[in-house]
Amino acid sequence: MDDDFLILGIESSCDDTSVAITNKNHVLSNIISSQLVHNQYGGVVPEIASREHMKNIIPVLKKALEESKIDLNKIDLISYTNGPGLSGSLIVGSSFAKSLAQTLSIPMTDVDHMKAHIHSIFLKNEENRYPNFPFLSLIVSGGHTQLVIVNDYNNFKKIGITLDDAAGEAFDKTSKFLGLGYPGGPIIDNLSKKGNPIFKFAKPKVKNYDFSFSGLKTSIIYFIKKELKENSKFIENNINDLCSSIQHSIVEILVKKTIKCAIDLNIKQICIVGGVSANSHLREKLNSECTVNKFDLFYPKINYCTDNAAMIAISGYFNHLNKKFSDLDKVIDSRLSF
Ligand code: KG4
Ligand code: ZN
């Protein structure tokens with residue numbers, strides 16, 4: 001068809017190597033290779049992450065082309081993650097993108113990873129249901145927790161950030177302390193289903209629309225260390241209730257701030273994006289609060305919550321519509337936030 005526009009997206013900002021092919025916002029393939037090697041260290045080791053990206057990127061590209069049944073020569077645009085992220089990891093993806101664009105003689109565009117998380121909400125879904133501008137987006141990932149007013153595809157106003165740890169980090173660090181492994185979010189989410197939130201922890205007191213999770217993490221760790229002095233099997237005897245209580249506390253903080261923000265600003269549509277937006281309790285709790293307040297809630301499919309190249313492709317598509325292309329001498333941006 002004449003109006004096809006094929007984008008090849010490349011994501012390599014942290015520990016997931018991903019390549020996607022989309023036709024505008026319609027995902028034809030989205031291959032993600034998660035680097036399980038980091039599990040044994042309880043977190044991502046940057047040097048190992050770069051080497052794994054080097055190893056994975058060609059097989060992941062081949063699989064993405066195969067699954068989409070698209071010939072590499074038919075691609076119209078290469079879109080890659082420019083930052084924020086781990087510099088070594090970003091260099092692998094950006095160098096690969098530049099080489100491909102040069103070889104195919106097609107344009108390329110660089111994408112901000114956080115904006116791409118926001119754009120993931122516009123990936124085609126079965127219901128054809130998308131938010132209208134302006135909407136409020138809660139970005140919750142392993143490195144970021146932000147509340148952003150989205151006025152247009154490329155017009156954002158950040159109104160809240162985390163002052164210390166991100167929400168995903170709170171899941172990951174407490175999971176590591178409990179000996180549950182990395183990434184902690186999905187593990188805690190699963191175990192919580194068999195438990196109840198019977199333990200209470202200190203709540204952060206943070207003004208405005210900012211967040212803080214470091215105090216909560218310390219309160220959880222102190223509480224468990226104290227209990228362990230009385231009962232050395234405290235963790236194993238209470239693991240499900242501990243997970244449920246941790247998850248409940250993190251979700252309560254996120255939901256309260258987000259709903260307050262939407263009420264204060266009179267914004268009726270809320271999106272949650274990023275790895276933690278896959279959390280079942282967060283979705284449930286926000287859903288019921290949105291029903292009470294007559295807000296519309298949107299979240300991406302699970303595969304588009306955690307890091308993926310489909311969101312990089314669609315974000316690149318919005319750049320293309322704005323005629324925002326990159327030069328070959330563009331250097332990566334390894335800031336920690338946008
Ligand atoms: O967006 P993402 O893949 O990477 C970053 O950009 O950081 O997010 C990764 C984070 C990790 O902290 C992981 O524990 C968390 O998302 N996560 C979850 C769930 N699935 C992934 N947290 C809570 N519940 C989940 N089901
Ligand atoms: Zn991410």
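The structure we're discussing is the one just above.
The paragraphs below set out a description of the structure included in this document.

Thresholds applied
- Residues numbered from 1 in each chain as written.
- Chains lettered and ligands numbered in written order.
- Predicted model: local features only at pLDDT ≥ 70, side-chain atom pairs only at ≥ 80, totals over all residues.
- Heavy atoms only, no water.
- Helix = DSSP H or I, 4+ residues; strand = E, 2+ residues; numbered from the N terminus.
- Contact = heavy atoms within 4.5 Å.
- Axes fitted to C-alpha atoms, helices over the stretch in contact; angles between N-to-C directions.
- Parallel < 35°, antiparallel > 145°, perpendicular 65-115°, else oblique.
- Left-handed = near helix turned anticlockwise from the far one by under 90°.
- Near = heavy atom within 4 Å.
- Polar contact = N/O pair within 3.5 Å; in protein donor to acceptor, adjacent residues only side chain to side chain.
- Areas by Shrake-Rupley, 256 points an atom, 1.4 Å probe, with all protein chains shown as cover.
- Nonpolar A, V, L, I, M, F, W, Y, C, P; charged D, E, K, R; others polar.
- Expected span 1.5 Å × (residues − 1).
- Bend = angle between axes of the 7 residues up to and from the residue.
- Buried < 20%, exposed > 50% of the residue type's maximum accessible area, 1.4 Å probe, protein only.
- Donors = N, O, S within 2.8 Å, 3.2 Å for Na, K, Ca; no water.
- Tetrahedral: all angles 85-135°; square planar, octahedral: opposite > 155°, others 65-115°.
- Core = buried A, V, L, I, M, F, W, Y, C linked by side-chain atoms within 4.5 Å.

Bringing the side chain of S50 into the picture now. By the secondary structure assignment, S50 is in helix α1 (residues 46-68). Look past the residues within four positions of S50 in its chain and what remains in contact with it is G88, S89 and V92.

On to the packing of helix α7 (residues 234-265) against helix α8 (residues 280-293). Between α7 and α8, whose axes approach to 10 Å, the crossing angle comes to 30°. The angle between the axes of α7 and α8 places the two elements in the roughly parallel class. Relative to α8, the crossing made by α7 is right-handed. Every residue of α8 that contacts α7 at Q247, H248, V251, L254, V255, I259 and I263 is listed here: H281, L282, K285, L286, E289, C290 and N293.

Near ligand 1 lie 21 residues; those nearest to it are G142, D172, G185, D189 and D307. Within the side chain of H113, an N or O atom sits 3.2 Å from an oxygen atom of ligand 1. A distance of 3.3 Å is found between an oxygen atom of ligand 1 and a backbone nitrogen or oxygen belonging to G168. When ligand 1 sits alone it has 560 Å² of accessible area, and the protein chains cover 89% of it. A per-element tally of the shell around ligand 1 places helix α5 (residues 184-192) first, with 4 residues. Of the residues assigned to the shell around ligand 1, the class counts are 6 nonpolar, 12 polar and 3 charged.

To continue, consider α7. Taking 1.5 Å per residue, 32 residues should reach 46 Å; α7 reaches 44 Å between its end C-alpha atoms and fits that length. The largest bend in α7 amounts to roughly 60° and is located at N240. In the segment just after α7, N266 is the residue with positive phi, at about 55°.

Looking now at the environment of K233. Tracing the backbone shows K233 in the loop between α6 (214-230) and α7. The exposure class of K233 is partly exposed, given its relative accessible area of 43%. For the pair K233 and D3, spaced 230 residues apart in the sequence, the C-alpha separation amounts to 63 Å.

Looking at the zinc ion (ligand 2), one finds its protein donor set to be H113 (NE2), H117 (NE2) and D307 (OD), positioned 2.0 to 2.1 Å from the metal centre. With 4 donor atoms in place around the zinc ion (ligand 2) and angles of 96 to 137° between them, the coordination shape is irregular. Sequence spacing among the residues donating to the zinc ion (ligand 2) works out to H-x3-H-x189-D. Of the two residues, H113 is situated in helix α3 (residues 113-119) and D307 in the loop between β10 (296-298) and α9 (310-321); the sequence distance between them amounts to 194 residues.

Further remarks concern unusual backbone geometry. Going from G83 to P84, the amide bond is cis rather than trans, its omega being -5°. Positive phi values are uncommon outside glycine, yet K294 reaches one of about 60°. Considering the arrangement of structural elements, one finds K294 in the loop between α8 and β10. A residue is classified by how much of its surface remains accessible, and K294, at 71% relative accessible area, is exposed.

Grouped together as the largest cluster of nonpolar side chains are 42 residues, with contacts concentrated most on L178, F213, I250, L254 and L282. Of all the secondary structure elements, the ones that give two or more residues to this core are β6 (135-140), β7 (145-152), α4 (167-177), α5, α6, α7, β9 (269-273) and α8. In terms of residues, this core owes the most to one element, α7, which gives 14 residues.

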